Each structure stands twice: as structure tokens, then as C-alpha cells.
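Close look at the chain arrangement
One letter stands for each residue in the lines below.
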Amino acid sequence: MPELPEVETVRRGIEPHVLGRRIERVVVRESRLRWPVESGLAQQLIGRRIEGTQRRGKYLQLVLDNADRLLVHLGMSGRLFVLRAGHALLKHDHVDIELDDGAMLRFNDPRRFGAVLLWRAGEPLHPLLAGMGPEPFSDTFDGEYLYALSRGRRAPVKTFIMDGGVVVGAGNIYAAESLFRAGIKPTRAAGDVSRPRYDRLAQAIREVLAAAIEQGGTTLRDYAGADGAPGYFQQTLDVYGREGLPCHACGKPIRRIVIGQRSSFYCPHCQR
DNA sequence: AGATTCGCCTGAGAGC
DNA sequence: TGCTCTCAGGCGAATC
């Protein structure tokens, strides 16, 4: 399940293959994604040169030479591969973007929770990008920010940091890992977490995401990088998916609970 | 406004 | 072998 580190890994993986390339052909086999792929997409893209790649939250962006941007969201099961044009077709290969050197970006997404959208130059900030919280590596994201925003909130701190309007990138896996590193119990009300502990949490979120990016993301079942390679951060996980296994810090068994319909893992001894 | 629930999807794995 | 059931979950929209 691609979260921020996985999307960043994909961005880094495809960038050298697409930079400066011109789009020659676009094939949309299935337009029913999270939002419909617009019918004129191919016409909008063909002939454009790709000038850069960016990421905002979990949205990957191809910046075109007319300043339009192609937004790609991998949803839960989306993959973006760099292949040679004409590569054998697999089930759920929904969109191809063929480049002028014979390479091809291929979007595959079994569950179709992903999206491929055009954000045209001159249009206001795309609605899906508006209202997003700060990037975890930006200057505006720190303990003070989390502390101020959380006052009066009774929702669990895990739910709070997973809210993309608070900060982007703390998906289920990384929220759990960050809370473990910060020693904070995930069920604690966001408004009851002290300022010093939010300092630790903000730092933990940055550390966990940075480490995951370094290791190419976390591969549990669905995720693979642009070259098809898995990530390796799952070997570093302290709590996620480790129900009943000994805590890496104290040896007591990791507990699994459900918070906001999502599996949550924590160490009842180390996290308070 | 904040919190909660719903709905969209398919594949993997368990159980029979 | 093959069917049915459950679960996974990002995130916008709707509802409480």
C-alpha cells in the first residue's frame, strides 16, 4: 500500500526515465478509477515534454512544458512502471504513457482506488491538493504546530496525525511506527498530548519517513517501485504487523487494536 | 467544526 | 478443486 515513502520512491525511480522526454502516445484502457480519467486526456498530453517530477503528499506530478501537471495517485494498489513500449499486457494495466525514446510509463491498479488527473496551468490549486497539511519535511511542520492544532481535539492522536489536513505522509504504517518511536499510546486523545511529546512525535515522523524512503519504501503485498523492485523498510518495522511478537525495546508482546476501523499496533509497555 | 461512517474495488487467504 | 466469506485500506463525501 503506497504511502508517502513509496510514492517518493516511485517518483525517484521514474524521474530519470521521463525527464526531457516527449509524450508520443497515450492509451487509456480503463477510465473508471477513483475519479474518471478525462476522455480527452491523450490529446492533452501528446506532444508535451515532461520537464520535471514532483510529489505533494501521495500525489505524484509530472510537470509538462505547458505548465499543465499530470497528477497520479496510486491509491491502495496502484503501481507505476517504466517499461519498453509494447510490453506484454497484464490485467489491470489501465493507462500507458509512451515516450519518444521507446520507454513507457504504465499505470496498473487492481483495486482502482488510484487516479490519473490533469491539473491545467492557470487553474487554481487542484481541489485534491487544496486543504492538505504541510509536508513532514517542511519548516512549518514541527511539535509546536502539532501541539497548537491538537488543542481541544478528543480524537485519538493516531487518527489526528493520519489526517491529511494535519500533515501528509503519516499513513497507517508510518503513524504506528512514529508513535512507537515517540513513546505515545495511539489511543491517547490528541488534545492530551503535551508539547514536548509532540516535539518528539514530529521528529519521529520525519525520521521514520526518511528511513523508509532510504530503504525504498515498505512492501507488504501490493507495493513495488518503478522498476518492480520491492521496498525493504518492512524489515525495520517495530510494531506494524507484529501482533504478539516481542517489542524490540522491552520484549513484551506487541498489541493490535482497531482505531477508526484501522488496525493499530503498539507496545503497551513502551507507549503511554 | 470535529468526529464518525460510508463507499468505492479486487486479490489474498482462511474455512469448508 | 473450487466456492464463499472476510479483510485490507486512501480518502472524499455524507452524516451525525
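Residues numbered from 1 in each chain as written. Chains lettered and ligands numbered in written order. Predicted model: local features only at pLDDT ≥ 70, side-chain atom pairs only at ≥ 80, totals over all residues. Heavy atoms only, no water.

Quick notes on a positive patch on the surface
A contiguous patch of positive charge on the surface is contributed by K185, R188, R255 and R272. Within the secondary structure layout, R255 lies in strand β9 (residues 255-259). Of the residues examined, R255 reaches a relative accessible area of 42% and is grouped as partly exposed. (Patch = residues over 30% accessible without salt bridge, like charges linked within 9 Å, V, L, I, M, F, W, Y side chains within 5 Å. Areas by Shrake-Rupley, 256 points an atom, 1.4 Å probe, with all protein chains shown as cover. Salt bridge = Lys/Arg side-chain N within 4 Å of Asp/Glu carboxyl O. Lys, Arg positive; Asp, Glu negative; His and termini not counted. Charge placed at Lys NZ, Arg CZ, Asp CG, Glu CD. Helix = DSSP H or I, 4+ residues; strand = E, 2+ residues; numbered from the N terminus. Buried < 20%, exposed > 50% of the residue type's maximum accessible area, 1.4 Å probe, protein only.)

Overview of the pattern of salt bridges
Under the criterion given, the structure shown has 17 salt bridges. The salt bridge involving E98 is made with R25; its shortest N-O contact spans 2.7 Å. Of this pair, E98 sits in strand β6 (residues 93-99) while R25 is found in strand β1 (residues 23-28), placing the two residues 73 residues apart along the sequence. According to the relative accessible area criterion, E98 is buried, its value standing at 13%. In this structure, R48 and D65 form a salt bridge, with 2.6 Å as the shortest nitrogen-oxygen distance. Taken together, the residues R48 in the loop between α2 (41-45) and β2 (50-56) and D65 in the loop between β3 (59-64) and β4 (69-73) connect sequence positions 17 residues apart.

A word on the environment of R48
Residue R48 is classed as partly exposed on the basis of its relative accessible area, which comes to 24%. For R48, the contacting residues outside a window of four places in its chain are R21, R22, I23, L64, D65 and N66. (Contact = heavy atoms within 4.5 Å.)

A few points about the domain arrangement of chain A
When its domains are assigned, chain A resolves into domain 1 (4-119) and domain 2 (143-266). Taking the mean C-alpha position of each, domain 1 and domain 2 sit 29 Å from one another. (Domains from an automatic or database assignment.)

As for the protein's contact with DNA strand B
Neighbouring DNA strand B are R34, K91, H92, P110, R111, R112, F113, R153, R154, A155 and Q261. When atoms of DNA strand B within 4 Å of the protein are split into backbone and base, the sugar-phosphate part holds 62%. Separating a phosphate oxygen of DNA strand B from a side-chain N or O atom of H92 is a distance of 2.6 Å. Here a phosphate oxygen of DNA strand B and a side-chain polar atom of R153 are 3.5 Å apart. (Near = heavy atom within 4 Å. Polar contact = N/O pair within 3.5 Å; in protein donor to acceptor, adjacent residues only side chain to side chain.)

Here's the deal with the packing of aromatic side chains
Tallied over the full model, the rule gives three aromatic pairs. Seen from their ring centres, F141 and Y145 are 6.2 Å apart, and the 65° between their planes marks the pair as edge-to-face. What makes F141 buried here is its relative accessible area of 1%. With a centroid separation of 6.3 Å and 65° between ring planes, the pair formed by F160 and Y198 is classed as edge-to-face. (Phe/Tyr/Trp six-rings, centres within 6.5 Å; stacked < 30°, edge-to-face > 60°.)

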